[in-house]
There are 2 protein chains.
Amino acid sequence: LKKTQYLGERRIIDIIQRHLDPMPKMPVPFGDDVSAFEAGNGRLIVLKTDMLVDKTDVPPGMSPWQAARKAVVMNVSDFAAKGVKPIAALVALGLPKRFTKKDIEEIGSGLNAGAHEYGTYIIGGDTGEASDLVIAVSLFGIAAKDALMLRSGAKPGDVVATTGLFGKTSAGLKILVDDLKAPEKIRETLVDSVLMPTARLREGLTLAETRAVSASIDSSDGLAWSLHEIARSSRVGMRIDLLPTAKECETFAVRNDLDSMALTLYGGEEYELVLTVEPSRWKEAQKAVKNVGGQLLKIGKVTSEKGVVLEVGAKQVPIEARGYEHFKT
Amino acid sequence: LKKTQYLGERRIIDIIQRHLDPMPKMPVPFGDDVSAFEAGNGRLIVLKTDMLVDKTDVPPGMSPWQAARKAVVMNVSDFAAKGVKPIAALVALGLPKRFTKKDIEEIGSGLNAGAHEYGTYIIGGDTGEASDLVIAVSLFGIAAKDALMLRSGAKPGDVVATTGLFGKTSAGLKILVDDLKAPEKIRETLVDSVLMPTARLREGLTLAETRAVSASIDSSDGLAWSLHEIARSSRVGMRIDLLPTAKECETFAVRNDLDSMALTLYGGEEYELVLTVEPSRWKEAQKAVKNVGGQLLKIGKVTSEKGVVLEVGAKQVPIEARGYEHFKT
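Residues numbered from 1 in each chain as written. Chains lettered and ligands numbered in written order. Predicted model: local features only at pLDDT ≥ 70, side-chain atom pairs only at ≥ 80, totals over all residues. Heavy atoms only, no water.

1. Some details on the sheet that holds strand β11 (residues 308-312) of chain A
Residue and element names in this part refer to chain A.
Then step 1. Spatial strand order, β7-β9-β6-β10-β8-β11-β12: 7 strands in an open sheet with mixed pairing. Either end of the sheet is taken by a strand with one partner, and the two such strands are β7 (213-218) and β12 (315-318). Recorded for the sheet is a direction-independent mean angle of 30 degrees between the axes of neighbouring strands.
Then step 2. Two strands pair when backbone bridges link them, and strand β8 (residues 237-240) and strand β10 (residues 297-303) are joined in this way by 4 bridges, in the antiparallel orientation. Bridge pairing in β10 links Arg-239 to Lys-301.
Then step 3. Helix α4 (residues 64-82) rests against β7 and β9 (273-277) of the sheet, and its axis sits at about 170 degrees to β7. (Pairing = 2+ DSSP bridges. Helix = DSSP H or I, 4+ residues; strand = E, 2+ residues; numbered from the N terminus. Axes fitted to C-alpha atoms, helices over the stretch in contact; angles between N-to-C directions. Contact = heavy atoms within 4.5 Å.)

Here it is in structure tokens:
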């Protein structure tokens, strides 16, 4: 019999989904970043749950306060990718017996900090005993149906863009988990990208208002995976001509003799948005993001050919459809 | 430093709550069975999350299918107690590595069965690796604000009632966990009450329509605890004159030389509704429940004195404020 570790997360989700009756008229398909319910008057009630488990999602050096905050940020990031403002959150909390009163206080305070940063509130939850620290956050929000940015609307010719640079979390994880070294002046930046992630909520909300985005996803499973998810859901391909590598990642790669391209593409736990924009609306989209203090980086183009490729000089290198996946580490 | 096992579930919830900023104008206070958000036009968006963890919530003999179904039923029961129809559910699923493809199929199918029984759908979720089987279900629904049955509205003179008899799950758990014996002809009923719990959704929905209920709670932490919760939230007392003991529980108690009163009062994992009804509306409430195939049993009266007491002949025995609590087993 096949055990979960050989099946992998995405196969497991497939198996479960096949046993579920779909709700009639589901406005958002299974497998997108959020779920939704048609509330009438062109409005959707948007829901999301994402679970943090310490053994897979909490690296060494991350405090209970940071873990709790991250559990909120993970969920907010999915709302950001869809352009939905989170209204309220619920938390189901599994706590190991060894946890102390101080740990629990940190968790309460970390949850609140995460909610507060994004203008939302924890309004309820449940707690019980578990072997791992488990923090399952559920988010709720309301969105205009035509503003929701799904994964599936990318069209050939659209601009492929991101809200920031990649590779810092891959490097940070290698420092925290594998004890790799980094020059002192960039070490904190790399480690902080893992311990104190931020969701691109302002960027996502303003982009949803422009209606210029044709497809969007967050990059929690890595840049490569995110590009492939949009390509797969939209039945298109992509040509990437500018790899958005953070300079700290570059420095770290040189110092440790690692491939910065791999760190950029195949990381995870990164919460930038990856999206596609109608070419005629590009400047407007870029300006909207700039107005809220963010940035929108053009990294490539949507194509009608299958596959996601990286242009390196005159050569085209395929970007593989892999990224972070639970049960496969 | 105090560890979770000495703090207990309710103390842990207190600690966390003290760190949370309350959402302005919360229509349902922290600590009731559900959370809610004011949606305008007298309507509430109602949310709930409740987490099943195998080590505390899945007794020996319960299959993955039954565990998954129970995770849905637990949540639906809280909606039933508030009189809210569940519209959709999300599931955050933690799976141990030892689980097989067959286990996962059972879980998918059990989740769907639970949702289907109560006319709702699983519309999304998340999965990851965990040491325990963890199933955190989130429910969402919409309710008329004046129909929501809180814990806090009981008034002296109100009738105290339940939707059924108690003690079967206490007995069933003693059979499954402690290997106690039961006469063959009642064994299945007792064990099934644990393995295949049912939520009193039809009862809760029709009662909410009558507007005759002043306070309501489900009995997942036991009858005694539920009575005390209504008493505490409503700042009243209760006099119970009819202990609603199931006859199978009585037979089991005699066979094993146990106290059937304790089995009835201090069990848990029971999903009857415990509620209070304005006396002038009692017959109407009882009739409404009968019309949907259920029953409403009068077990006592709300009083203005503090405390919850049981009348046994001419004597009054205090009912203790204890019940099932995580971290304290």
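On we go from here.
2. Quick look at the environment of Asp-241 of chain A
Residue and element names in this part refer to chain A.
Then step 1. Note on placement: Asp-241 falls in the loop between β8 and α10 (247-256).
Then step 2. For the pair Asp-241 and Tyr-324, spaced 83 residues apart in sequence, the C-alpha to C-alpha distance is 23 Å.
Then step 3. Aside from chain neighbours lying at most four places away, what touches Asp-241 is Ile-299, Gly-300 and Glu-311.

3. Focus on the pattern of salt bridges
Should the charged atoms of two oppositely charged side chains come close, the side chains can pair.
All names here are of chain A.
Then step 1. Scanning the entire structure with this criterion turns up 44 salt bridges over all chains.
Then step 2. Across the pair Lys-82 and Asp-32 runs a salt bridge whose closest N-O atoms are separated by 2.7 Å. In this pair, Lys-82 sits in helix α4 while Asp-32 sits in the loop between α2 (9-18) and β1 (35-40), placing the two residues 50 residues apart along the sequence. Considered together, Lys-82 and Asp-32 belong to a single accessibility category, that of buried residues.
Then step 3. We note a salt bridge from Glu-248 to Lys-247, for which the minimum N-O separation is 3.6 Å.
Then step 4. Overall, Lys-247 belongs to the exposed group, its relative accessible area being 60%.
Then step 5. Each of Asp-32, Asp-33, Lys-82, Arg-151, Glu-229 and Arg-232 takes part in one network of salt bridges that share partners. (Salt bridge = Lys/Arg side-chain N within 4 Å of Asp/Glu carboxyl O. Buried < 20%, exposed > 50% of the residue type's maximum accessible area, 1.4 Å probe, protein only.)

4. Some points on the pairing of strand β4 (residues 121-129) of chain B
Residue and element names in this part refer to chain B.
Then step 1. Most of β4 is tucked away, with 7 of its 9 residues classed as buried.
Then step 2. Here strand β3 (residues 86-95) pairs with β4 via 8 bridges, running parallel. Each residue of the ladder has a partner; that of Ala-88, found in β4, is Tyr-121.

5. Some remarks on the packing of aromatic side chains
A ring pair, where both rings are aromatic, is described by two values, the distance of the centres and the angle of the planes.
Then step 1. With the rule as written, the count across this model stands at 2 aromatic pairs over all chains.
Then step 2. Measuring from ring centre to ring centre gives 5.5 Å for Phe-37 of chain A and Phe-140 of chain B, while their planes differ by 65 degrees; the resulting arrangement is edge-to-face. With one member in each of two chains, Phe-37 of chain A in strand β1 and Phe-140 of chain B in strand β5 (residues 134-144) form a pair that bridges those chains. Residues Phe-37 of chain A and Phe-140 of chain B agree in their burial class; the two are buried.
Then step 3. Residue placement shows Arg-10 of chain A over the ring face of Trp-225 of chain A; its charged tip is 3.5 Å from the ring centre. (Phe/Tyr/Trp six-rings, centres within 6.5 Å; stacked < 30°, edge-to-face > 60°. Lys NZ or Arg CZ within 6 Å of the ring centre and 35° of its normal.)

6. Some remarks on the side chain of Lys-70 of chain B
All names here are of chain B.
Then step 1. Following the sequence through the fold, Lys-70 ends up in helix α4 (residues 64-82).
Then step 2. For Lys-70, a relative accessible area of 2% gives the class buried.
Then step 3. If we ignore the near neighbours within four places in the chain, the residues touching Lys-70 are Leu-52, Asp-57, Met-62, Pro-197, Glu-269 and Tyr-271.

7. Regarding the nonpolar core
The nonpolar side chains of a soluble globular protein tend to be buried, and buried together.
Residue and element names in this part refer to chain A.
Then step 1. Core analysis: the largest hydrophobic core is formed by 73 residues, its most contacted members being Val-46, Leu-111 and Ile-135.
Then step 2. At 10 residues, the largest contribution of residues to this core is made by α4.
Then step 3. Beyond its immediate chain neighbours, meaning those up to four positions away, Ile-135 contacts Asp-50, Met-51, Leu-52, Ala-67, Ala-68, Ala-71, Val-91, Ala-92, Leu-93 and Leu-111. (Core = buried A, V, L, I, M, F, W, Y, C linked by side-chain atoms within 4.5 Å.)

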